[in-house]
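# Inside the fold
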Amino acid sequence: MVKPSLSYQREREELASMATPLSQPLRRLPLLRQAIKIRRQKAKGLLLETLPQTNQEMETPSHHFSPEEQALLYEEALYTVLHRLGQPEPKHVAEASELLSYLQEAFHMKPEVHQQLLQKVQDLEKPLFCLKVTVKRAKGILGKDVSGYSDPYCLLGIIEQGVSVPDGSPGHRRRQKAVVKNTIPEDQTHRTQVISQTLNPEWDETFFLEFEDISTASFHLDMWDADQVESVRQKLGELTDLHGLRRIFKEARKDKGQDDFLGNVVLRLQDLRCREDQWYPLEPRTETYPDRGQCHLQFLLIHKRRATTTSRTHPSYTVHRHLLQQLVSHEVTQHQAGSTSWDGELSPQASTILFLHATQKDLSEFHQSMAQWLAYSRLYQSLEFPGSCLLHPITAMEYQWIQGRLKPEQREELAASFNSLLTYGLSLIRRFRSVFPLSASGSPARLQSLLRVLIQMCKMKAFAELCPNGAPLSSLVTEVLRTGTLEWFHMKQQHHQPMVQDMQEMCKSVLSLVLDVSGDLHQCQRTWNKIFNNTLKIQFFSMAFLELQKLVAQRVKEHMAMVGSTVSPEMGESLFQLYLSLKELYQLVPPPSERDGTLDLDGFHKWFLPAIPAWLLKTYSVALARLQRAVQMDQLVPLGEPIKHSTSAVDLSTCFAQISHTARQLDWPDPEVAFMITVKFVEDTCKLALVYCSLIKARAKELSVDQKDQGQAANMLCVVVNNMEQLRLVVLKLPTQLAWKDLEQWAGAILEPEQLQHTLHAQLQGALAGLDHEIRSGVRTLAEQLEAGISRHIQKIVGTSKTTVPEDAILPLMKFLESEFHYMNRNLVQENFNSLLLLLWTHTLSVLTQTAAAQQSSLLTSQKLKIALQNLELCFYGEGCGLSPEALHTPSLQDLQRKLELQASSSQELIQRYFSNRIQQQD
């Protein structure tokens with residue numbers, strides 16, 4: 001016969017007694033017959049009826065009790081501590097005073113109220129104490145039969161003040177004869193079934209042994225081999241060795257039907273803890289067989305009847321849930337008062353009290369888990385603590401769930417808790433942006449914990465049985481996420497609603513709304529989508545984007561319709577920021593696999609066509625104002641080596657870079673409009689370059705008015721020329737900065753190549769030509785200042801005395817050029833310095849040619865001019881740092897060299913040269 005678990009039957013009895021007040025006790029059967037009845041009821045496996053699941057909307061429950069309920073619950077807790085049984089667990093609190101103080105604090109009881117209730121509880125009737133014993137199994141017992149095996153059974157009971165049990169721990173007991181059979185009355189003696197022919201029997205039978213005083217009570221278990229009456233022929237047939245033969249002779253001497261003693265276990269109850277589960281050695285009564293095996297026993301010290309009001313009127317697991325709820329609420333609020341969060345770990349005092357209560361009430365593991373679930377799921381909806389605390393009772397209930405275990409009202413209560421937590425959890429998910437803000441540390445982990453709890457709850461067999469008609473959790477979460485996203489958008493829209501109905505303010509409110517949406521979608525993409533996708537396979541980012549882009553498009557189109565076709569510069573600036581924010585938002589679009597059809601934001605750039613002229617005008621106006629301010633503040637002083645231009649050139653480069661950045665920001669999708677925008681940007685840039693040239697020259701003239709130092713004026717002129725050269729380099733970068741090449745390829749399908757050439761390139765070339773003219777004009781002015789000095793020094797060479805050697809005659813000219821060239825090289829950039837050298841070289845050759853023509857009859861002067869020309873060529877070359885040989889060796893130089901060569905030669909040298917040339921001609 002299959003023997004069902006007696007612990008389950010005990011749960012059934014406990015549930016049945018929940019609705020029966022203890023003030024009307026049940027009629028008790030003799031204990032031996034009662035144990036047999038327990039096994040029979042358990043074997044039937046009666047199932048309790050289920051109650052249909054209700055679909056009513058659940059309100060968030062409160063974790064607070066009324067004063068009357070709290071007083072009764074306090075009475076229950078005090079009763080539990082005052083009537084504690086057994087030795088304390090290793091990590092539990094042993095002192096009753098400490099537990100009572102904790103209860104007073106947890107229930108917020110005033111000292112006088114506490115004393116009154118404590119006295120009331122002390123005056124109540126003591127509970128009916130009971131030892132719940134489960135005989136699990138035995139191993140290694142003696143074999144008493146001829147076959148070498150035994151037919152073991154156990155007799156067990158409680159002896160109070162009858163048999164002396166020595167002091168000491170349970171493992172130290174003296175050997176004594178079996179006392180249960182002869183000492184304990186039959187109606188208080190409990191007996192297990194007989195397990196035939198085994199040395200390792202398994203019973204798994206539970207018994208309830210009442211006692212009065214734990215300090216004088218002791219538990220006794222005797223194990224016997226049941227004697228089966230058999231014939232000698234049968235016994236000889238089972239004979240296997242000489243030991244079996246000796247057993248036959250021994251049995252022949254004893255009375256028929258007399259059982260053999262196998263061993264016993266004797267324990268003092270006061271030495272036991274509330275819960276014990278271990279192997280105990282079977283003690284012999286003689287030294288013949290000292291090793292008689294072991295017996296596996298489970299003990300539970302319980303109250304079979306309690307005098308508290310709640311114990312008489314409420315189910316045990318309900319009372320335990322209320323007590324747990326009260327203590328956990330206290331633990332959470334205590335941590336919050338200390339500015340810390342509760343980690344789910346109960347204090348030793350709370351753990352001790354709850355353990356004692358569950359043990360005394362003989363709550364099964366399942367009902368403890370159920371009570372914990374009901375308490376925690378209710379508290380979670382009103383207090384802040386980790387959702388992971390709910391996972392343990394979920395796992396425990398799932399592991400121990402048996403269909404039909406609960407009564408209808410319990411099924412209804414459990415189903416209501418499922419629905420309540422599910423409704424509350426979905427409400428949190430709907431508002432997750434505000435409930436789990438990323439600004440608070442640990443928010444993603446808290447949301448993930450909540451989702452994990454809901455997932456595990458919906459996977460439970462209990463949930464499937466009690467809530468059979470609900471939609472899948474992923475569908476429910478998807479729907480509340482969609483609803484929450486819409487609610488969040490409308491809340492933000494209302495938040496940004498301007499106080500004054502002004503177009504400018506309304507545009508700013510729309511801009512703020514779009515920025516909030518973009519920020520939210522970035523958070524969804526980086527954080528929230530991973531959580532929902534990993535837990536429920538929900539692509540939350542795609543769903544949120546599709547919903548929000550539809551709402552954003554509707555709101556922006558409404559606003560642009562109000563703006564109309566005429567856009568002021570102020571409105572244009574706001575619209576430009578709105579355009580950029582929409583562009584950033586649109587870049588977040590999910591891949592085609594996660595969306596269907598077109599988006600409401602597709603082609604959003606067309607909504608802003610009326611604003612383009614205002615944007616271009618604003619860009620030019622801002623750049624022009626910045627340029628004018630930069631020139632006005634420029635003192636035309638170089639920034640320092642190796643930079644030879646001034647501050648306005650730097651500001652101008654920044655202005656042009658900002659224009660290029662604006663063009664890249666626009667990134668207009670329509671090629672024809674994009675081309676026209678680029679043309680306008682190039683036109684404005686070139687215009688600004690020429691305006692700068694005029695302004696910087698005017699600034700130099702302004703600063704030179706009161707300047708008496710001509711050298712300082714020359715310095716400023718060098719800076720002006722350098723600034724223009726820097727500007728020319730910046731303008732040359734326009735094709736790269738504005739991506740002309742890509743634009744020409746993109747617009748090539750709708751524009752003719754001539755149109756591209758006549759617009760962009762023509763504008764650029766015109767601007768560069770204008771800049772080159774301005775630079776040459778400035779360099780020419782510097783060259784004119786030096787040309788006079790060069791002419792003067794050349795004339796001084798001609799005027800030197802005949803006794804002056806040519807090298808000494810040209811020395812002043814060379815010193816003058818060295819000084820001026822060093823100054824110009826230090827103050828001009830290399831391009832302008834080379835241009836200056838070229839102008840001066842041309843001028844020098846011209847002056848020398850004129851002077852040589854005038855002095856062709858003077859041999860000595862011509863020799864000086866010849867030597868001067870040779871040294872000037874080396875000076876302008878500057879060891880490779882000046883003019884190149886190609887720039888120096890012009891036809892003018894070669895012609896002058898020939899003339900001076902002839903003029904500087906004597907008559908004899910000329911005759912020799914004449915005849916040499918004739919000889920060469922004849923050869």
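Residues numbered from 1 in each chain as written. Predicted model: local features only at pLDDT ≥ 70, side-chain atom pairs only at ≥ 80, totals over all residues. Heavy atoms only, no water.

## Considering the overall build of the protein chain
Here is the rule: What counts as a helix is a DSSP run of H or I of at least four residues, what counts as a strand is a run of E of at least two, and both are numbered from the N terminus. Using a 1.4 Å probe on the protein chains alone, a residue whose accessible area is under 20% of its type maximum counts as buried, one over 50% counts as exposed, and one in between counts as partly exposed. Whether two residues are in contact is decided by their heavy atoms: any pair within 4.5 Å suffices. Surface accessibility follows the Shrake-Rupley procedure with a 1.4 Å probe radius. Residue values consider only the protein chains on display as shielding.
Counting its regular elements, the protein chain contains 35 helices and eight strands. Burial status across the protein chain gives 48% buried among its 923 residues. Considering only contacts in the protein chain between residues 6 or more positions apart, those separated by 24 or more positions represent 82%. Summed over all atoms, the accessible surface of the protein chain reaches about 45500 Å², with 52% contributed by carbon and sulfur.

## A short note on the pairing of strand E6 (residues 260-268)
Note on strand geometry: in a regular strand, side chains alternate between the two faces of the sheet. Quick note on the threshold: Being paired, for any two strands, means DSSP has found at least two bridges between them.
Where burial is concerned, most of E6 is hidden: nine out of the nine residues are buried. Pairing of strand E5 (residues 217-225) with E6, which is carried by eight bridges, proceeds in the antiparallel orientation. Its bridge partner lying in E6, Leu221 is registered against Val265.

## Here's the deal with the pattern of salt bridges
Note the cut-off: We count a salt bridge whenever a side-chain nitrogen from Lys or Arg sits within 4 Å of a carboxyl oxygen from Asp or Glu.
Following the criterion strictly, the structure yields 26 salt bridges and no others. Between Arg433 and Asp520 there is a salt bridge, with the nearest N and O atoms lying 2.8 Å from each other. Of the two residues, Arg433 is situated in helix H15 (residues 432-435) and Asp520 in helix H19 (residues 503-536); the sequence distance between them amounts to 87 residues. There is no split in this pair, since Arg433 and Asp520 are both buried.

## Observations regarding the sheet that holds strand E2 (residues 152-160)
Sheet architecture is open: four strands sit in the order E3-E2-E5-E6, paired in antiparallel fashion. Two strands in the sheet have a free side with no partner beyond their single neighbour: strand E3 (190-191) and E6. Summarising the sheet, E2 and E3 pair through two bridges and their orientation is antiparallel. Pairing of Leu156 across the sheet is with His190, part of E3.

## Brief notes about the side chain of Gln372
Along the chain, Gln372 falls in helix H12 (residues 365-379). With residues up to four places along the chain from it excluded, the contact list for Gln372 reads Leu324, His392 and Pro393.

## What about the sheet that holds strand E1 (residues 128-139)?
Stated precisely, the cut-off is as follows: Here an angle of 0 to 180 degrees is reported between the N-to-C directions of two axes, which are lines fitted to C-alpha atoms, with helices fitted over the stretch in contact.
Spatially, the four strands line up as an open sheet ordered E4-E1-E8-E7, and their pairing is antiparallel. Two strands bound the open sheet, and with one partner strand each, they are strand E4 (202-211) and strand E7 (275-281). The average angle at which neighbouring strand axes cross in this sheet is 25 degrees, direction not considered. Across 11 bridges, E1 lies against strand E8 (residues 294-305) in antiparallel orientation. For Thr134, the partnering residue across the bridge sits in E8 and is Gln298. Packed onto the sheet, helix H11 (residues 348-360) meets E7 and E8 and runs at close to 95 degrees relative to E8.

## Observations concerning unusual backbone geometry
Even without glycine at this site, His108 takes up a positive phi of about 55 degrees. Structurally, His108 can be placed in the loop between helix H4 (96-106) and helix H5 (111-122). If you check the backbone angles, Glu879 has positive phi at about 55 degrees while not being a glycine. For Glu879, a relative accessible area of 77% translates into the label exposed.

## Remarks on the confidence of the model for the protein chain
When pLDDT is low, close inspection of the predicted coordinates is not appropriate. Our working definition: One number per residue, pLDDT, summarises how confident the predictor is, and it ranges from 0 to 100.
Here the protein chain averages 84 in pLDDT, and 86% of its residues register 70 or above. Per-residue pLDDT, averaged within each element of the protein chain, yields its smallest value for helix H2 (residues 31-44) (35) and its largest for helix H18 (residues 473-495) (96). Scored below 50 in pLDDT, residues 1-60 makes 104 contacts in the model with residues more than four places away or belonging to other chains.

## Remarks on the pairing of E8
Taken together, the seven bridges between E7 and E8 define a ladder with antiparallel strand orientation. Bridge pairing in E8 places Tyr280 opposite Cys295.

## Here we look at the packing of aromatic side chains
Put simply, the rule reads: Here the aromatic set is Phe, Tyr and Trp, taking the six-membered ring for Trp, and pairing holds for ring centres within 6.5 Å; pairs whose planes are under 30 degrees apart are stacked, those over 60 apart are edge-to-face, and all others are tilted. Note on criteria: charge over ring means Lys NZ or Arg CZ within 6 Å of the ring centre, with the direction from the centre no more than 35 degrees off the ring normal.
Per the stated rule, a full pass over the model turns up 27 aromatic pairs. Centre to centre, the rings of Trp342 and Phe385 are 5.6 Å apart; their planes meet at 75 degrees, and the pair counts as edge-to-face. Here Trp342 is found in the loop between helix H10 (316-337) and H11, whereas its partner Phe385 is found in the loop between H12 and helix H13 (391-400), with 43 residues between them in sequence. Grouping residues by exposure puts Trp342 and Phe385 together as buried. When the centroid spacing of 6.1 Å and the interplanar angle of 85 degrees are considered together, the rings of Tyr380 and Tyr424 count as edge-to-face. Taken together, the residues Tyr380 in the loop between H12 and H13 and Tyr424 in helix H14 (residues 408-430) connect sequence positions 44 residues apart. Through pairs of rings, three or more aromatic residues link up here, namely Phe576, Tyr579, Tyr586, Phe604, Phe608, Trp615 and Trp668. Lying across the ring of Trp488, Arg433 places its NZ or CZ 5.2 Å from the centre. Across the ring face of Tyr620, the terminal group of Lys687 is positioned such that the distance to the ring centre comes to 5.2 Å.

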